[in-house]
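Working through the structure, step by step
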Amino acid sequence: EVNPALAAHGGFVTYVGHDGEGTAYMTMGGGCHGCSMSKMTMLDGVQTMLSEQIPAVERVKDLTDHASGDLDRAVSLHEATLTQYQRLLGPTHPATLTSQHGLAAVYLASGDLTRAIPMYTAVFTQRQQALGDSDPETITSRNNLAYAYLVAGRPGQAAQHLETALARCEEVYGEAHPETIAV
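Rules of the game
Residues numbered from 1 in each chain as written. Predicted model: local features only at pLDDT ≥ 70, side-chain atom pairs only at ≥ 80, totals over all residues. Heavy atoms only, no water. Helix = DSSP H or I, 4+ residues; strand = E, 2+ residues; numbered from the N terminus. Buried < 20%, exposed > 50% of the residue type's maximum accessible area, 1.4 Å probe, protein only. Contact = heavy atoms within 4.5 Å. Pairing = 2+ DSSP bridges. Axes fitted to C-alpha atoms, helices over the stretch in contact; angles between N-to-C directions. Parallel < 35°, antiparallel > 145°, perpendicular 65-115°, else oblique. Left-handed = near helix turned anticlockwise from the far one by under 90°. Nonpolar A, V, L, I, M, F, W, Y, C, P; charged D, E, K, R; others polar. Salt bridge = Lys/Arg side-chain N within 4 Å of Asp/Glu carboxyl O. pLDDT = per-residue confidence, 0-100.

Turning our eyes to something else, we now look at the environment of Gly22. The topology assignment puts Gly22 in the loop between β1 (11-18) and β2 (23-30). With relative accessibility at 3%, the residue Gly22 sits in the buried group. Spatially, the C-alpha atoms of Gly22 and Arg59 are 6.3 Å apart, while their sequence positions differ by 37 residues. Apart from residues no more than four positions distant in its own chain, Gly22 is found in contact with Ala56, Val57, Glu58 and Arg59.

The structure is reproduced here in structure tokens:
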């Protein structure tokens, strides 16, 4: 279940081992290696899927050296994947938007804010229109757009989106939920 979901971003995870005390050790590869969203992917995606399916796994630890990631390769993989999704599924299909979101993250990781921010904005706008402002995917897109604005030195725009993301998380998950606390 985990790798097919990550394949939409040109990435994958590899199981390394389990410590017998609730921690599974993993590495990330492909488009996930060096991606700025890898921590979120590991905690929100991989950890959630594994802990729901395998009672012995309470948490995951990423052993990947993301600083050594090949961002140029990640960009080309994500661009090729997005092109395929757009051609096969259309520009507004959820899988296409997820792929586009992944490409925006790789642009951000590589410091290409001129492409990252418009792409994050497009994904956020599409998700907001299709899913509504309180959908978890829309909240994630809003939060990631805010982070890109912060990196770009635009704290006013970042604060607007972060405040709204926090309010939506409190609405959807409650104040003490990890998703809310992460905002």
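Here the narrative resumes, following the displayed structure.
Let us look at the pairing of β2. Most of β2 is tucked away: 6 of the 8 residues are buried. As defined by bridge partners, β1 adjoins β2 across 7 bridges and the pair is classed as antiparallel. Bridged to His18 within β2 is Ala24. Following β1, the chain reverses through 4 residues before pairing antiparallel with β2; Gly20 in that reversal takes a positive phi of roughly 80 degrees. Sheet topology places β2 next to strand β3 (residues 59-62); 4 bridges connect them, and they run parallel. Paired with Met26 across the two strands is Asp62, which belongs to β3.

Attention now moves to the packing of helix α3 (residues 71-89) against helix α4 (residues 94-109). The interhelical angle for the contact between α3 and α4, taken along N-to-C directions, is 160 degrees, at an axis separation of 9 Å. Taken together, the axes of α3 and α4 are roughly antiparallel relative to one another. For α3 against α4, the interelement crossing comes out left-handed. Judged by residue contacts, Leu71, Ala74, Val75, His78, Glu79, Thr81, Leu82, Tyr85, Gln86 and Leu89 of α3 engage Ala95, Thr96, Ser99, Gln100, Gly102, Leu103, Val106, Tyr107 and Ala109 from α4. For the contact of α3 with α4, the residue count by class is 11 nonpolar, 7 polar and 1 charged.

Further remarks concern the pattern of salt bridges. Under the counting rule described, the total for this entry stands at 7 salt bridges. Arg115 is the salt-bridge partner of Glu79, the closest N and O atoms lying 3.4 Å from each other. Taken as a pair, Glu79 in helix α3 and Arg115 in helix α5 (residues 113-131) lie far apart in primary sequence, 36 residues in all. For Glu79, a relative accessible area of 26% corresponds to the partly exposed category. The salt bridge partner of Arg168 is Asp133, with a shortest N-O separation of 2.9 Å. With Arg168 in helix α7 (residues 155-173) and Asp133 in the loop between α5 and α6 (136-151), this residue pair connects regions lying 35 residues apart in the sequence.

Segments scoring low in pLDDT should not have their predicted coordinates read at a detailed level. In this model, the protein chain carries an average pLDDT of 82, and 87% of its residues clear a pLDDT of 70 or more. The secondary-structure element of the protein chain with the lowest mean pLDDT is helix α1 (residues 2-7), recorded at 66, while α5 shows the highest, at 94.

With mixed pairing, the 3 strands of this open sheet are ordered in space as β1-β2-β3. Because the sheet does not close on itself, it has two edges, and the strands there are β1 and β3. Averaged over all neighbouring strand pairs, the angle between strand axes comes to 35 degrees, with direction disregarded.

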